[in-house]
Amino acid sequence: MRVISYNLRKHAAAHELEELVDRWEADVLCLQEADTAHLPSHLAGLTLARATAKNRLGLALYYRENMFQLRDVVSLSLKKSLHDILLRPAHERVLAARLRDIDAGRDVVIASFHAAPLTALNSLRRHQIRTALTELSKLGDGLPVLMVGDYNYPVFKERLGEHIRGHGHDLTLSDARTYTRYRFFKGHYDFATSIGLDVGKVTTLPQGASDHLPILVTATYRR
């Protein structure tokens with residue numbers, strides 16, 4: 001399966017999505033910082049599973065109907081940072097779909113994730129990631145899970161990797177940095193965590209109108 005994740009930077013890169021899906025032949029599209037009130041129900045052959053509703057800028061997930069059947073979809077709130085408490089920019093930080101892979105005859109959980117901003121501590125983001133992975137496992141016992149998105153975790157990824165592996169999941173970084181806006185904060189912000197899947201590669205795609213570069217995750221079911 002081919003999954004694209006893209007932080008649209010306050011919806012600024014939304015006009016790129018059709019070409020992005022077509023060019024890279026995405027089966028699933030996970031969005032962050034999307035203007036959810038203005039997303040189409042269909043996009044380049046993909047169908048909108050759901051978009052978050054409690055904030056104008058939120059998460060969305062599209063899937064290819066001739067490849068998947070939608071079984072369930074949930075949005076989750078996570079522990080808030082001080083930034084969230086004061087400014088309330090994002091109530092829902094995870095949007096997940098349980099999808100039935102028609103050809104493989106099995107279910108998989110795919111999620112779009114947006115961690116707390118850089119003003120928060122890494123310890124809070126680790127808490128958010130751990131909580132998200134725990135909640136996603138409740139969508140189906142033993143199902144493969146792929147969570148992609150903006151993890152806002154530019155440094156100390158070795159510790160994050162150990163933390164995620166301790167939770168039974170794998171962390172896969174992209175092949176090039178995905179954030180370019182601030183000189184001192186450039187790095188790998190967008191990546192994937194998974195369980196029950198072999199993530200062959202996470203490719204950083206060319207930059208568009210966003211300060212984040214989209215990523216393409218290629219994954220197969222683990223035997």
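Along each chain, numbering runs from 1 in the same order as the chain's sequence is written. Given that the model is predicted, a residue must reach a pLDDT of at least 70 before its local features are reported, and side-chain atom pairs must reach 80 or more before they are shown or counted; all residues, however, enter totals for whole chains, interfaces and linings. The side-chain numbers reported here are obtained from all heavy atoms of the structure, hydrogens and water having been left aside.

## Regarding the sheet that holds strand 12 (residues 197–204)
The strands making up a sheet associate through backbone hydrogen bonding, with each pair oriented either parallel or antiparallel.
And then number 1: Spatially, the seven strands line up as an open sheet ordered 3-4-5-2-1-13-12, and their pairing is mixed. The open sheet has two edge strands, strand 3 (42–43) and strand 12, and neither has a second partner.
And then number 2: Two strands pair if DSSP finds at least two bridges between them. Helix and strand labels come from DSSP, where a helix needs a run of H or I of at least four residues and a strand needs a run of E of at least two; each type is numbered from the N terminus. Pairing analysis gives five bridges linking strand 1 (residues 2–7) to strand 2 (residues 28–35), with the strands arranged parallel. Paired with Tyr6 across the two strands is Leu31, which belongs to strand 2.

## With respect to helix 4 (residues 157–166)
And then number 1: Note on classification: 1.4 Å probe, protein chains only; a residue is buried when its accessible area is under 20% of the maximum for its type, exposed when over 50%, partly exposed between these limits. If you check which residues of helix 4 are buried, you get Lys157, Leu160, Gly161 and Ile164. The arc that holds every buried residue of helix 4, seen down its axis, measures 100°, which confines them to one face. Those residues of helix 4 that are exposed and angled more than 90 degrees off the buried face are Glu158, Arg159, Glu162 and Gly166.
And then number 2: Contacts from the buried residues of helix 4 go to helix 3 (122–137), strand 10 (170–172) and strand 11 (190–195).
And then number 3: A positive backbone phi angle near 90° is found at Gly168, which sits one or two residues after helix 4. In this description, the arc belongs to the directions extending from the helix axis to the C-beta atoms. Any two residues whose heavy atoms approach within 4.5 Å at even a single point are treated as in contact.

## Digging into the sheet that holds strand 9 (residues 145–150)
And then number 1: Pairing is mixed in the open sheet, where six strands are placed in the order 6-7-8-9-11-10. Taken across any chain shown, the strands that pair with only one partner, and hence form the sheet edges, are strand 6 (68–76) and strand 10. Each adjacent strand pair in this sheet contributes to an overall mean axis angle of 20°, direction not counted.
And then number 2: Where strand 9 and strand 11 come together, six bridges link them in antiparallel fashion. Paired with Met147 across the strands is Thr193, a residue of strand 11.
And then number 3: Each axis is a line fitted through C-alpha atoms, taken for helices only over the stretch in contact, and angles between the N-to-C directions span 0 to 180 degrees. In the packing of helix 3 onto the sheet, the strands contacted are strand 6, strand 7 (94–101), strand 8 (106–114), strand 9 and strand 11, and the crossing angle to strand 9 comes to about 145°.
And then number 4: Helix 4 contacts strand 10 and strand 11 of the sheet and is inclined by roughly 145° relative to strand 10.

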